[in-house]
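Okay, here's what each chain looks like letter by letter:
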Amino acid sequence: MRITVTVNGQPYTRDVEPRLLLVHFLRDELDLTGTHWGCDTSNCGVCTVQLDGVPVKSCTVLAVMADGHEVTTVEGLERDGELDAVQKGFVECHGLQCGFCTPGMLLTARWLLDRNPDPDEGQIREAISGQLCRCTGYENIVRSIRWAAEAGR
Amino acid sequence: MSYGPMHRKEDARFIRGRGNYTDDVRLPGMLYGAILRSPHAHARIVSVDTSAAEAHPKVRAVITGQTLAGLNLAWMPTLSQDTQAVLATDKVRFQGQEVAFVVAEDAYSARDALELIDVEYEPLDAVIDARNALDPGAPVIRDDLEGRTGNHIFDWEAGDRARTDALFEQAEVTVAQDMIYPRVHPAPLETCGALADFDKVTGKLTVWCPTQAPHAHRTLYAMVAGLPEHKIRVISPDIGGGFGGKVGIYPGYVCAIVGSIVTGKPVKWMEDRSENLMSTAFARDYHMRGEVAATRDGRIQAIRVKVLADHGAFNGTAQPTKFPAGFFHVFSGSYDIEAAHCEVTGVYTNKAPGGVAYACSFRVTEAVYLVERMVDVLAAELGLDPAELRMRNLLKPEQFPYTSPTGWEYDSGDYPKALRLAMDMAGYDKLRAEQADKRARGELMGIGVSFFTEAVGAGPRKHMDILGLGMADGAELRVHPTGKAVLRVSCQSQGQGHETTFAQIVGQELGIPADDVEVVHGDTDQTPFGLGTYGSRSTPVSGAAAALVSRKVRDRAKIVAAAMLEASPDDLEWADGKWSVVGDPSAGRSMAEIALAAHSNLELPDGVEGHLDAVTVYNPPNLTYPFGAYICVVDVDPGTGQVKVRRFVAVDDCGVRINPMIVEGQIHGGLADGVGMALMQVMAFDEDGNHLGASFMDYLLPTAMECPSWELGATVTPSPTHPIGAKGVGESATVGSPAAVVNAVVDALGPYGVRHADMPLTPANVWRVVNGDPFRTDLAIP
C-alpha cells in the first residue's frame, strides 16, 4: 500500500506491506532508529512516539494507520539546534542510564507538559506508568520531568 | 578534583535518539534471521522437514541441527563446563529451545518461513519441579551426556560442617525455614541479538552483539568454531540494559555467524520479547532450607543451609569455575557468626538454562535473602525487634579485615554506623509506634529491615576464572601531544556510564579535566583483553586498571618533567595536577605541557623512550565488599492482598564514590528490581513445562506506580585493596532490597501468625497467606 506519513514535519511516501508496524516503518524505512522496539505487547513503551501529538506505542500501530497523519519521534524534539526542555532535564537529573527507554519517555514527558505545564510527582508517575525503565527506578525520570516543567515556567 | 557529580558524556547521543544499539546497525546486503523454537518442554525430534521453507521466494538458507552437526557446531560449551545445543538434534529439553534457523531477505519473511518448517515431535515426560529431578524414575534429561543416568549435576559444600552441627546441638534456640528464591528474568528492555558479517576474502568475522563480555565472546568463538582469534572482531555497541543476561553466548549468535558464512552476506538476528523471556538466562531458582542456632538473648552462633539449585536443561551458569554455586557461601552475611555450613545440589530440569544473572553478584542475592529472612525468623521466635537483633550481631569495625566462617576476607566496614543511619533516616521508633497504633485499628503496616554484605570485583586470578580465563582486566592509556587522553578498557557499559566515570578516574590521576579523556570500550579490535562487565566488577577491576595505568603515565611524565625542569626525578613531587620540584610548586609542569615535551625533541635520559602511553593489567588482590542497611515500609490491604511500598530507605557504602550522581542512579534501579522481585516478578511454569511468563503481560515488572521515591543515605568506608578505595555498586541494591520488602510484608502479616511467605508477594499470594494457604511460587497452579 502507498502511504504518506509526516514525520517530524517532513512528509514521506512509501509502498509498504499492510502488516508493517509503525515502529518498523520508522526504523527500517526512514532509518529513524531512535524509536526502539522492546516487547510487541504495548507493555514496555520503548517504541512510544507521538501520533498527532498523542503518545502511542508504535509496535501496536500499523504503518498504514499513520497514513495522512503526523508522527513525532525523538529525532524531532530538538528544534533549530536547541534541545527540548525535557531532553535537558534528563541530562541534568540523570534521567537515563542505558538510554533504551529514553526516547519514549521523552515523548510522553513532552505530551504531559504540553497539557499540564506544572505536574506534581503523582501526575508524572501516572503519565509514564505505561512505560518501563529497568535502570533508573524511575526516581530520576520523575525529577527530570519536574526539572523540565520548572525550566519551562 | 575530577570526582563528584558530573553530567554523563553518553547522554548527548541518547537524548537525541542517536544511540547505536545492535539492532540499529545496518550493513549493505544484510539478511535477517529468525529461530524456530520448541513448543514442548521435553520431546524427541522425529523429523524436521524444511523443504517448504526453503521454497519460500525470500528465504536464502535454512539451518537445522543436522546442518550444524555437519560443521561440528550443533553443540557448544557453556560457561560451566557443560554443553548446550545450538540447534536441537536429538531432543528438545525446554519450551522455547532453538530448533531451526531461517535466513531471509527481510525480517517478516524470515518469520513467515518459520511457519513452513514441519517438525515432528514425540513428547516425553518432563521434569519441571526441581524437587522431583532426583526421583528414581525421573526422566533423564541429558541422555546426550555419556553415562548420564539421572539429573544430578553437582554437590558442593562450604564451611565447617562438624563445628556447625556441634553448635546446633548445644544451642538454646534453633529456627528453620524453607524458602524459594523463585526463577526470575533480568528482562533488559533491549532483547538479545547479533549481526554477523563474515568476509570470505579476508577471513575476518565481525559480530555486533550486546554482550557484557566482548573479549570472552571472541575467545570462545575462536575455541568453538576453530576460527583464528585475530580474525574475529566482537563489537558490543550501546547496550539497552544487561543485568547479567548478556554475558553468555546464545545459540542465536552462533546461528547468525553460521548464516553469514553460509550465505556470504551479513546476517542480523534479533529475538523478540517472548524469545528473550523463554530462552535467555534466567536467574535464581534456589530452593533453600535455612537454620540458625542462637542463644536466648539473641546471639547468633551458627547458620547452615541446604540448597537445591535448578539449573535448567543445560548447566550454563556464568560464574568463576571453582564455585558452582557462585558466591552463595557468603551467606553468613554481615554477622559475627562462629560457624557456618552450606550444601548445594544442582539439578537439571526441563527449563531454560542460566541461573547466574540479574544483578546477582554471582548469587550473593540468594545468600543475602536467605540470611536476612532467617534473622527475621529468629527475631520472631525470640520476640526481639529485628533491627535490634541485627545490631547485636553485626560485625564491628575493629573486626576488619574479617575472615568469615566460609573463608571470605571482608575488606572494610562500619556496619553499625550504616544501620543506625538508616534507622535515623527512617525514624524507626516512630514507625514502630505508628505500626502499633495501626494494628490496634486492624490496619496492616509492616517495617522490613535488611543488612547486606556484597562480594564483588571478581576476582583474584588465582581463584577466579571463567573457562580457564583469569578474571583480570587490561587497560591502555594514550596521552596525545596536546594533553588529551584516550583510555581503552575491556569492560562494557550497559548503562553504567563508564565513558564518564572512567574519564573522571583518569582525569583525577593525571590532573586533567574528565572532558579531555575519551573512553573506548566494547570493541575487541580496539581494547585490551578483559572479562567484561558483570558481578559489579567494572569499577573494582577495570576502574582499578584505569587508575593504575594513569599512574604509570604519571610516572613516565615525571621523567619527562624532570628533563624539562633540569632536575632529578627524585626531587619532584606530584601536587595539584603538576610535577614540580619539591618546594617550588609555581614552576610545576602540567600534564599537557609534559605531553607536548614527551613528543618533542627534548633530550631525555638514556633508556627513556618518550611519549607517555602505558598499558596495564589489573589482577585484584581480593574482592571488594560493599555493604548497606535498608528499611522498607509497606501497607497491606487485608481485603485484596495488595502491598503498597510506602517508603524505602537505603544506606549504601560502596567505598569512595567517583560520581555520586551515577552511584545513586545505580542504587535507584536496583531498588526497583528488589521491589519487582519481591512483589511481582516470577517465571512460572505449568506441570507440562509451559512457560507462563513469556510476555510482559504475564511477567510483571514494576512501573513508576509501584515504586516509591527512594530515600538514599551514604557512608564511605574505602576499600583498602582498591587503588582508589572504590568498591563497586551496580548490584548492591538488587542484592539487599528483596529481603527488606519481604521482611516488611511478613512483618505486616504478623497478626496472622505469618513467619514466612515466598516471593513474589502478589495480591493473590498475600491473600492466600493471610488465609493460611500459601502457594508454591515455582508452579503457578498448586
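As annotated in an unreviewed UniProt entry, chain B carries the name Carbon monoxide dehydrogenase large subunit apoprotein and is attributed to Nonomuraea fuscirosea. Listed under Cofactor (unreviewed entry) in UniProt, the entry text for chain B is "Mo-molybdopterin cytosine dinucleotide".

As annotated in an unreviewed UniProt entry, chain A carries the name Carbon-monoxide dehydrogenase small subunit and comes from Nonomuraea fuscirosea. Of chain A, the UniProt comment under Pathway (unreviewed entry) reads exactly: "Alkaloid degradation; nicotine degradation."

Following the UniProt record, the feature "domain: Aldehyde oxidase/xanthine dehydrogenase a/b hammerhead" (unreviewed entry) maps to residues 16-125 of chain B here. Secondary structure over residues 16-125 of chain B splits into 16% helix and 37% strand, and the C-alpha atoms at its two ends are 52 Å apart.

A few words now on the environment of Gly470 of chain B. Residues and elements named next belong to chain B. Mapped onto the fold, Gly470 is located in strand 23 (residues 469-470). It is 16 Å that separates the C-alpha atoms of Gly470 and Phe362, two residues lying 108 residues apart in sequence. Not counting residues within four places of it along the chain, the set of residues in contact with Gly470 comprises Arg461, Met464, Asp465 and Leu531.

Once that is clear, we can look at the packing of helix 9 (residues 364-382) of chain B against helix 10 (residues 386-393) of chain B. All names here are of chain B. Relative orientation of the contacting elements helix 9 and helix 10 amounts to 115 degrees, with a least axis distance of 9 Å. By the angle between their directions, the pair helix 9 and helix 10 is classed as roughly perpendicular. Handedness of the crossing formed by helix 9 with helix 10: right-handed. Across from Glu372, Val375, Asp376, Leu378 and Ala379 in helix 9, the residues of helix 10 making contact are Pro386, Leu389 and Arg390. Looking at the contact of helix 9 with helix 10 residue by residue, the class counts come to five nonpolar, no polar and three charged.

A separate point is the packing of helix 10 of chain B against helix 11 (residues 415-426) of chain B. All names here are of chain B. As a packed pair, helix 10 and helix 11 sit with axes 10 Å apart at the nearest point and diverge in direction by 160 degrees. By the angle between their directions, the pair helix 10 and helix 11 is classed as roughly antiparallel. Along this stretch, helix 10 crosses helix 11, giving a crossing that reads as left-handed. Note on element contacts: helix 11 touches helix 10 through Pro416, Leu419, Arg420 and Met423, opposite Ala387, Arg390 and Met391. Taken together, the residues of the contact of helix 10 with helix 11 sort by class into five nonpolar, no polar and two charged.

As a further point, take the domain arrangement of chain B. All names here are of chain B. You can read the domains of chain B as domain 1 (11-124 + 191-238 + 246-279), domain 2 (282-368 + 388-458 + 622-770) and domain 3 (472-618). For domain 2 and domain 3, the distance between their C-alpha centres works out to 38 Å. With 21 residues of domain 2 in contact, the opposing surface of domain 3 contributes 21 residues. Together, the buried faces of domain 2 and domain 3 total about 1,400 Å²; carbon and sulfur atoms form 62% of this surface. Counting the contacts that link domain 2 with domain 3 gives zero salt bridges. Connecting domain 2 to domain 3 are seven residue pairs in polar contact (both at pLDDT 80 or more).

All names here are of chain A. The assigned domain composition of chain A is domain 1 (2-76) and domain 2 (85-151). Each side of the interface is counted separately: domain 1 has 17 residues, and domain 2 has 14 residues. In total, domain 1 and domain 2 occlude about 1,200 Å² of area from one another, counting both sides; carbon and sulfur atoms represent 64% of this. Three residues, His36, Gln50 and Val74, lead the burial of domain 1 against domain 2; their summed loss comes to 36% of the area buried on that side. The interface formed by domain 1 and domain 2 includes zero salt bridges. Linking domain 1 to domain 2 there are four residue pairs in polar contact (both at pLDDT 80 or more). Here the residues of the side of domain 1 that touches domain 2 are counted per class, giving seven nonpolar, nine polar and one charged.

Residue and element names in this part refer to chain B. On inspection of all chains with the given rule, the structure shows 24 aromatic pairs over all chains. Seen from their ring centres, Phe400 and Tyr415 are 5.2 Å apart, and the 65 degrees between their planes marks the pair as edge-to-face. Residue Phe400 is located in the loop between helix 10 and strand 19 (402-403), and its partner Tyr415 is located in helix 11; the two are separated by 15 residues in the primary sequence. On the basis of relative accessible area, Phe400 is assigned to the buried category, the value being 13%. Here a set of aromatic residues connected by ring pairs shows up, and it is made of Phe323, Phe327, Phe362, Trp408 and Tyr534. Positioned above the aromatic ring of Phe14 is the side chain of Arg13, whose terminal nitrogen or guanidinium carbon lies 4.8 Å from the ring centre. Stacked on the ring of Phe282, the Lys or Arg Arg183 has its end atom at 3.3 Å from the ring centre.

With that out of the way, let us pick up the pattern of salt bridges. Residue and element names in this part refer to chain B. What the rule picks out here adds up to 70 salt bridges over all chains. For Asp144, the salt bridge is made with Arg142, and the minimal N-O distance between the two is 2.9 Å. For Arg142, a relative accessible area of 0% corresponds to the buried category. Here Asp310 makes a salt bridge to Arg183, at a shortest N to O gap of 3.4 Å.

Criteria and cut-off values
Residue positions are given per chain, counting from 1 as you read along its sequence in written order. Chain A is the first chain written and ligand 1 is the first ligand written, with later ones labelled in order. Local features in this predicted model are restricted to residues whose pLDDT is 70 or higher, and side-chain atom pairs enter the listing and the counts only when it is 80 or higher, whereas totals over whole chains, interfaces and linings include all residues. Side-chain numbers here rest on the full set of heavy atoms in the structure, without hydrogens or water. UniProt positions are given in the numbering used here, feature names are shortened, and annotations may be inferred rather than shown by experiment. Runs of E in the DSSP output that reach at least two residues are strands. Runs of H or I that reach at least four are helices, and both are numbered from the N terminus. Any pair of residues with heavy atoms lying within 4.5 Å of one another is described as a contacting pair. Angles shown run from 0 to 180 degrees and are taken between the N-to-C directions of axes, each axis being a line fitted to C-alpha atoms and, for helices, limited to the stretch in contact. Each angle is binned into one of four classes, with values under 35 degrees roughly parallel, values over 145 roughly antiparallel, values of 65 to 115 roughly perpendicular, and all other values oblique. For any pair of crossing helices, the crossing counts as left-handed if the nearer helix is rotated counterclockwise from the farther one by less than a right angle, and right-handed if it is rotated clockwise. Under this grouping Gly is polar, as are all residues other than the nonpolar Ala, Val, Leu, Ile, Met, Phe, Trp, Tyr, Cys and Pro and the charged Asp, Glu, Lys and Arg. Domain start and stop points were drawn from an automatic or database domain assignment. Simply put, the buried area is the total loss of 1.4 Å probe accessible area from both parts when two parts are fitted together. Any carboxyl oxygen of Asp or Glu that lies within 4 Å of a side-chain nitrogen of Lys or Arg is treated as forming a salt bridge with it. Here a polar contact is taken to be a pair of N or O atoms separated by no more than 3.5 Å, where protein atoms must pair a possible hydrogen donor with a possible acceptor and residues adjacent in sequence count only if both atoms sit in side chains. For this analysis, a ring pair means two rings from Phe, Tyr or Trp (six-membered ring only for Trp) whose centres lie within 6.5 Å, classed as stacked if their planes differ by under 30 degrees, edge-to-face if by over 60, and tilted for the remaining angles. To sort residues, take the accessible area from a 1.4 Å probe on protein chains only and compare it with the maximum for the residue type: under 20% means buried, over 50% means exposed, and anything in between is partly exposed. Remark: a charge is flagged as sitting over a ring if the NZ atom of Lys or the CZ atom of Arg is within 6 Å of the ring centre and within 35 degrees of the ring normal.

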